[in-house]
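The lines below spell out each chain.
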Amino acid sequence: MSAQPVPAPAATAAGHACDPGARSNIEPRLAYDDLRQWLEQARKLGEVKEVSGLTWEQDIGVVAGLATHDDSAPCFVFGEVPGTIKGSRVLVNFFGGKRKNMTLGFPTELSKLELSEGTRTSFLGPMPRIAPKYVGDGPIFENVMRGDDVDITVFPAPKWHSADGGRYIGTGSFNVTRDPDEGWINCGTYRVMIHDAKTAGFYISPGKHGRQMRDKYQARGAPMPVAVVCGGDPMTFLMASSEVPYGVSEYEIVGGVRGKPVEVIKAPVTGLPIPANAEIVIEGFVEPGNERIEGPFGEWTGYYASDVRPEPVLDIKGIYYRNNPILLGCVPQRPPDEICRYRAVVRSALLRENIEKAGVPGVTAAWAHEVGNARLLLAVAVNQRYPGHAKQAGHMAAMCHVGAYCGRYVIVVDDDIDVSNLEEVVWAMLTRSDPATSIDIIRNAWSTPLDPRIEPERKAAGDYTNSRAVIDACRPWHWRDKFPKVNVPTPEERRMAQEKFGHLFSD
Ligand SMILES: Cc1cc2nc3c(=O)[nH]c(=O)nc-3n(C[C@H](O)[C@H](O)[C@H](O)COP(=O)(O)O)c2cc1C
Ligand SMILES: [Mn+2]
């Protein structure tokens, strides 16, 4: 797979264009195939802390809550969790520090914008695909629970927030399902709560690929086979929690990133493909109509917005795990948190790509802001070329695959603005938009029960739609040449100042 060259954006009337392309034009190399190899790489960076004896009832959730809000906090591995299988561990805060770039296969010195741009030009844009390869055996079968032996409660699944309705074994996980009509395999990350030794519940918002599949099984009254992978490698987890196009298996994208197929094994009961080197896999069936109360769970918006509701029950028929299994935990907190860090990098790349693929020219950058968990606030920069261009980019951002679900505000700016810098974006909005004329409202858009701003009455009636504001914060096209000049130095002036006076700012 070769990286695509990134064209340098043109200089603008404002003086400079933000160019995330220059250093991101690098082919990524993943230094790991599974979670253990990833952990070794993170250890080499000196960013792993091992802690023993914390409880799953309270301690792990509390420490995870502190760690995930801090980009410089280490990756924690919690071992010897009382009451759990000997040797089992929980790993949290994988996406922080220098290990962020390592996880995506890039040099550690790239900025978040460069990292995002690197993922876009190398794999999230071209989406090279390599089909997974079936192998005969793998470490996932080092330990097997079947029939009466099945007990999901022995793993160190924490109660992550104090008001959660149970222990969530699935956060840094993904569900593998097969479309009953079309046959393709989807991998999607959805929260998974332990009900008891042999059952679990999972929640999927309407419209997600996994939910569309689930709805199809339910409509025909057929059981849905499911395999839940807890502790896959971080790249597969990232693709399973991202907007990979409908009909494309996330396994194929990971194969494309690696330049070699993901090795999978047929799960013994359901026959679904599971990674041969995963840490823990749970498989079973969802029988139509079999539902149980799931939740509440503290979600990515920072709220318990969806309360509790009957959700499908997974009857667990088999559990497989490696010796000393590692549970990957990715617990949502009030944004910005760890989830926002990786979602911003991945979703911003997909956002720019989605808008461009819809035929909008001149998009120079896009950023799905951390404070809105890379969903509620999107910023897009355009090099305006014709009347209505900025509006077109904004509406596309609001409604494309990656932007449509539970969005809220889209801000379109000129390309002299660094879209990843919240203050610059807001400054542009405050100075270049006019509330009476620059804001479009879109109604009845795709949202979710997790949206905290849907009225209880509408939620109760199953209406999970919301509205969007698309804010055109570009210099108005028809008088852009008369728009007041900005007072920032040109790149040339900045370079000269740095050369002459940079020493004043060093130790
Ligand atoms: C840590 C984490 C937890 C998530 N939990 C859920 C969830 O419980 N339900 C859900 O619908 N989406 C959840 N998501 C978002 C989905 O994984 C995401 O929308 C993904 O693109 C869905 O894939 P699909 O369209 O292939 O089903 C979660 C994402 C992350 C990063
Ligand atoms: Mn999918």
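Everything below is about the structure printed above this text.
This report concerns the structure included in the present document.

The rules behind each value
- Residues numbered from 1 in each chain as written.
- Chains lettered and ligands numbered in written order.
- Predicted model: local features only at pLDDT ≥ 70, side-chain atom pairs only at ≥ 80, totals over all residues.
- Heavy atoms only, no water.
- Pairing = 2+ DSSP bridges.
- Helix = DSSP H or I, 4+ residues; strand = E, 2+ residues; numbered from the N terminus.
- Axes fitted to C-alpha atoms, helices over the stretch in contact; angles between N-to-C directions.
- Contact = heavy atoms within 4.5 Å.
- Salt bridge = Lys/Arg side-chain N within 4 Å of Asp/Glu carboxyl O.
- Buried < 20%, exposed > 50% of the residue type's maximum accessible area, 1.4 Å probe, protein only.
- Polar contact = N/O pair within 3.5 Å; in protein donor to acceptor, adjacent residues only side chain to side chain.
- Arc of directions from axis to C-beta.
- Near = heavy atom within 4 Å.
- Areas by Shrake-Rupley, 256 points an atom, 1.4 Å probe, with all protein chains shown as cover.
- Nonpolar A, V, L, I, M, F, W, Y, C, P; charged D, E, K, R; others polar.
- Parallel < 35°, antiparallel > 145°, perpendicular 65-115°, else oblique.
- Left-handed = near helix turned anticlockwise from the far one by under 90°.

Focus: the sheet that holds strand β18 (residues 377-382)
And then number 1: Here five strands make up an open sheet; going across it, the order is β17-β18-β19-β21-β20 and the pairing mixed. The open sheet terminates on both sides in strands that have one partner only, identified here as β17 (363-368) and β20 (439-446). Pairwise comparison of adjacent strand axes, ignoring direction, gives a mean angle of 20 degrees for this sheet.
And then number 2: As paired elements, β18 and strand β19 (residues 409-414) share six bridges and run parallel to each other. Paired with Val382 across the strands is Asp414, a residue of β19.
And then number 3: On the sheet, helix α11 (residues 422-432) packs against β18, β19 and β21 (465-472) and is oriented at approximately 80 degrees with respect to β19.

Some details on the sheet that holds strand β3 (residues 89-92)
And then number 1: The four strands lie next to each other as β1-β2-β3-β16, forming an open sheet whose pairing is mixed. The open sheet has two edge strands with one neighbour each: β1 (48-52) and β16 (326-329). The sheet shows a mean angle of 20 degrees between the axes of neighbouring strands, direction not considered.
And then number 2: With four bridges joining them, β3 and β16 adopt parallel strand pairing.

Some thoughts on the pattern of salt bridges
And then number 1: Enumeration over the complete set of coordinates arrives at 40 salt bridges.
And then number 2: Between Glu356 and Arg352 there is a salt bridge, and its shortest N-O distance comes to 3.1 Å. Residue Glu356 and its partner Arg352 are both found in helix α8 (residues 338-357); the two are separated by four residues, about one turn of the helix.
And then number 3: Among the residues examined, Arg352 registers a relative accessible area of 10% and is labelled buried.
And then number 4: Among the charged side chains, a network of salt bridges with common partners joins Glu117, Arg120, Arg352, Glu353, Glu356 and Lys357.

Observations concerning the side chain of Thr171
And then number 1: Position of Thr171 relative to the elements: it lies in the loop between β6 (168-170) and β7 (173-178).
And then number 2: In this structure the side chain of Thr171 is engaged in a polar contact, spanning 2.9 Å, whose partner is the backbone nitrogen of Cys330.
And then number 3: When neighbours within four sequence positions are excluded, Thr171 is seen to be in contact with Trp160, Thr189, Phe237, Phe297, Leu328, Gly329, Cys330 and Val331.

Thoughts on helix α1 (residues 35-44)
Think of an α-helix as 3.6 residues a turn; residues three or four steps apart then line up on the same face.
And then number 1: Buried within α1 we find Leu35, Trp38, Leu39, Gln41 and Ala42. For α1, the angular spread of buried residues about the axis comes to 160 degrees, placing them on one side.
And then number 2: Among the structural elements, β1, β2 (75-79), β3, α3 (99-104), α6 (234-240) and β16 are those in contact with the buried residues of α1.
And then number 3: The N-cap residue of α1 is Asp34: its side-chain oxygen and the backbone nitrogen of Arg36 are 3.3 Å apart.
And then number 4: Looking at the residues trailing α1, positive phi occurs at Gly46, about 75 degrees.

Thoughts on the site of ligand 1
And then number 1: As a matter of local geometry, ligand 1 sits amid 22 residues, with Thr189, Tyr190, Arg191, Tyr203 and Ser205 nearest to it.
And then number 2: In the model, an oxygen atom of ligand 1 is placed 2.5 Å from a nitrogen or oxygen of the Tyr190 side chain.
And then number 3: The backbone of Ser205 places a nitrogen or oxygen atom 2.8 Å from an oxygen atom of ligand 1.
And then number 4: Calculation on ligand 1 without its partners gives an accessible area of 640 Å², and the protein chains cover 95% of this total.
And then number 5: Elements with a contribution of two residues or more to the shell around ligand 1: β8 (185-188), α5 (209-219) and α8.
And then number 6: Ranked by residue count, the leading element in the shell around ligand 1 is α8, at three residues.
And then number 7: Looking at the shell around ligand 1 residue by residue, the classes come out as eight nonpolar, eight polar and six charged.

A few points about the packing of helix α4 (residues 112-124) against α8
And then number 1: Between α4 and α8, whose axes approach to 8 Å, the crossing angle comes to 55 degrees. Considered as vectors, α4 and α8 are oriented oblique to each other. Judged by the twist between their axes, the crossing of α4 over α8 is right-handed. Counted together, Lys112, Leu115, Ser116, Glu117, Thr119, Arg120 and Leu124 of α4 and Ala344, Val345, Val346, Ser348, Ala349, Leu350, Arg352, Glu353 and Glu356 of α8 form the full contact between these two elements.

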